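# Fold and contact review
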Amino acid sequence: MKRQDITTDGDVVTARQVGRNIASVMGFSRPDQALIATAISELARNIVNYAGRGEILLDIISRGGRNGLRMIAKDNGPGIEDVDAAMCDGFSTGNSLGLGLPGTRRIVDEFDLCSAAGEGVKVTAIKWL
């Protein structure tokens, strides 16, 4: 498992590159590598923008005879008060387009978000090979 602390924009770039490299070694197509890098970037950017610090965990998993890349983004920030609203295109509590979380959900195969106000956020996303 690869772990990347996320506190700065540079950490976002590093996590994105590490994820893309793992995806390449695993045999993901270039378009899927780009999708994985985008998902990691969106998740890490949310950590920087809303929590200030957190981590991205990347690991290769196997289930049902297939391999995938699991991406876990965790922080101990303020959490998401209304998860349902946050998963709608266009919703943002910051100055963004509000496409990060719903966009990430669309480009991965499995997506799970756990959060409550004041309790941080944990997002688990899986892209299957």
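Quick note: structure is the one above.
Residues numbered from 1 in each chain as written. Predicted model: local features only at pLDDT ≥ 70, side-chain atom pairs only at ≥ 80, totals over all residues. Heavy atoms only, no water.

What follows covers the packing of aromatic side chains. For the coordinates displayed, the defined rule picks out zero aromatic pairs. The ring of Trp128 carries Arg66 above its face, with NZ or CZ at 4.3 Å from the centroid. (Phe/Tyr/Trp six-rings, centres within 6.5 Å; stacked < 30°, edge-to-face > 60°. Lys NZ or Arg CZ within 6 Å of the ring centre and 35° of its normal.)

Okay, the packing of helix H1 (residues 9–26) against helix H2 (residues 30–51) next. Axes are the key here: two packed helices are described by the angle between their axes and the distance separating the axes. Running from N to C, H1 and H2 cross one another at 150 degrees; their axes reach a closest spacing of 8 Å. Between H1 and H2, the angle falls in the class roughly antiparallel. Here H1 runs over H2; the crossing is right-handed. Packed against H1, whose contacting residues are Asp9, Val12, Ala15, Arg16, Gly19, Arg20, Ala23 and Ser24, the element H2 presents Arg30, Gln33, Ala34, Ile36, Ala37, Thr38, Ile40, Ser41, Ala44, Arg45 and Val48 at the interface. Residues of the contact of H1 with H2, tallied by class, amount to nine nonpolar, five polar and five charged. (Axes fitted to C-alpha atoms, helices over the stretch in contact; angles between N-to-C directions. Helix = DSSP H or I, 4+ residues; strand = E, 2+ residues; numbered from the N terminus. Parallel < 35°, antiparallel > 145°, perpendicular 65-115°, else oblique. Left-handed = near helix turned anticlockwise from the far one by under 90°. Contact = heavy atoms within 4.5 Å. Nonpolar A, V, L, I, M, F, W, Y, C, P; charged D, E, K, R; others polar.)

Before going further, it helps to spend a moment on the pattern of salt bridges. Per the counting criterion, the structure on display carries seven salt bridges. One salt bridge connects Arg3 with Glu55, and the closest N-O pair in it is separated by 2.5 Å. Here Arg3, found in strand E1 (residues 2–6), pairs with Glu55, found in strand E2 (residues 54–63); they are 52 residues apart in sequence, far enough to count as distant. Classification of Arg3 as exposed rests on a relative accessible area of 53%. Classification of Glu55 as buried rests on a relative accessible area of 14%. (Salt bridge = Lys/Arg side-chain N within 4 Å of Asp/Glu carboxyl O. Buried < 20%, exposed > 50% of the residue type's maximum accessible area, 1.4 Å probe, protein only.)

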